[in-house]
Amino acid sequence: MAKAYWVATYRAVSNPNALAAYAKLSAPAITAAGGRILARGMPAHTYEAGLMQRTVVIEFDSVAQAMAAHDSPAYQEALAALAGGAERDIRIVEAV
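The rules behind the values
Residues numbered from 1 in each chain as written. Predicted model: local features only at pLDDT ≥ 70, side-chain atom pairs only at ≥ 80, totals over all residues. Heavy atoms only, no water. Helix = DSSP H or I, 4+ residues; strand = E, 2+ residues; numbered from the N terminus. Buried < 20%, exposed > 50% of the residue type's maximum accessible area, 1.4 Å probe, protein only. Contact = heavy atoms within 4.5 Å. Areas by Shrake-Rupley, 256 points an atom, 1.4 Å probe, with all protein chains shown as cover. Lys, Arg positive; Asp, Glu negative; His and termini not counted. Charge placed at Lys NZ, Arg CZ, Asp CG, Glu CD. Axes fitted to C-alpha atoms, helices over the stretch in contact; angles between N-to-C directions. Parallel < 35°, antiparallel > 145°, perpendicular 65-115°, else oblique. Nonpolar A, V, L, I, M, F, W, Y, C, P; charged D, E, K, R; others polar.

**Student:** Could you give me a rundown of the overall build of the protein chain, with the residues and numbers involved?
**Tutor:** Across its full length, the protein chain carries 3 helices and 4 strands. Secondary structure elements in the protein chain, listed N-terminal to C-terminal, are β-α-β-β-α-α-β. The principal-axis extent of the C-alpha atoms belonging to the protein chain is close to 35 × 35 × 15 Å. The buried share among the 96 residues of the protein chain stands at 30%. The long-range share in the protein chain, meaning contacts at least 24 apart out of those at least 6 apart in sequence, stands at 74%. For the protein chain, the accessible surface area stands at approximately 5700 Å², while carbon and sulfur atoms represent 58% of it. When the 8 basic and 8 acidic side-chain charges of the protein chain are each reduced to a single mean position, those positions are 7 Å apart.

**Student:** Lay out the packing of helix 2 (residues 63-71) against helix 3 (residues 73-82) in plain terms, naming residues and giving numbers.
**Tutor:** Interaxial distance between helix 2 and helix 3 falls to 5 Å at its minimum, and their mutual angle equals 55°. Taken together, the axis directions place helix 2 and helix 3 in an arrangement best described as oblique. Of the residues in helix 3, those touching helix 2 at Ala69, His70 and Asp71 are Pro73, Tyr75, Gln76 and Leu79. When the residues that make up the contact of helix 2 with helix 3 are grouped by side-chain class, the tally is 4 nonpolar, 2 polar and 1 charged.

**Student:** An account of unusual backbone geometry is requested, with residue identities and associated values reported.
**Tutor:** With a phi angle near 55°, Glu48 is a residue other than glycine that sits in the positive phi range. Summarising the element assignment, Glu48 is placed in the loop between strand 2 (36-41) and strand 3 (55-60). On the accessibility criterion, Glu48 (85% relative accessible area) is exposed. Its identity as a non-glycine residue notwithstanding, Ala83 has a phi of 45°, on the positive side.

Shown next as structure tokens:
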């Protein structure tokens with residue numbers, strides 16, 4: 001089974017306090033669901049249409065595990081805390 005990567009890129013953060021509340025809840029929810037946070041923070045550099053906004057990369061053992069983490073009650077609680085405080089793009093991709 002191929003590993004999977006959850007890649008979150010932030011287009012805009014409108015409420016830093018909501019983002020902080022989300023981060024406090026999301027990291028434990030993701031790690032409890034088997035995720036390993038590999039990178040998070042501002043890009044060192046961007047190319048093409050890349051935005052200089054927060055980026056997060058999380059490794060899972062499978063796509064199913066990543067999807068289950070996202071859909072878990074604990075992560076949904078974190079999303080409720082974010083409450084529209086950021087515009088993001090989340091993708092789950094399978095490793096080659």
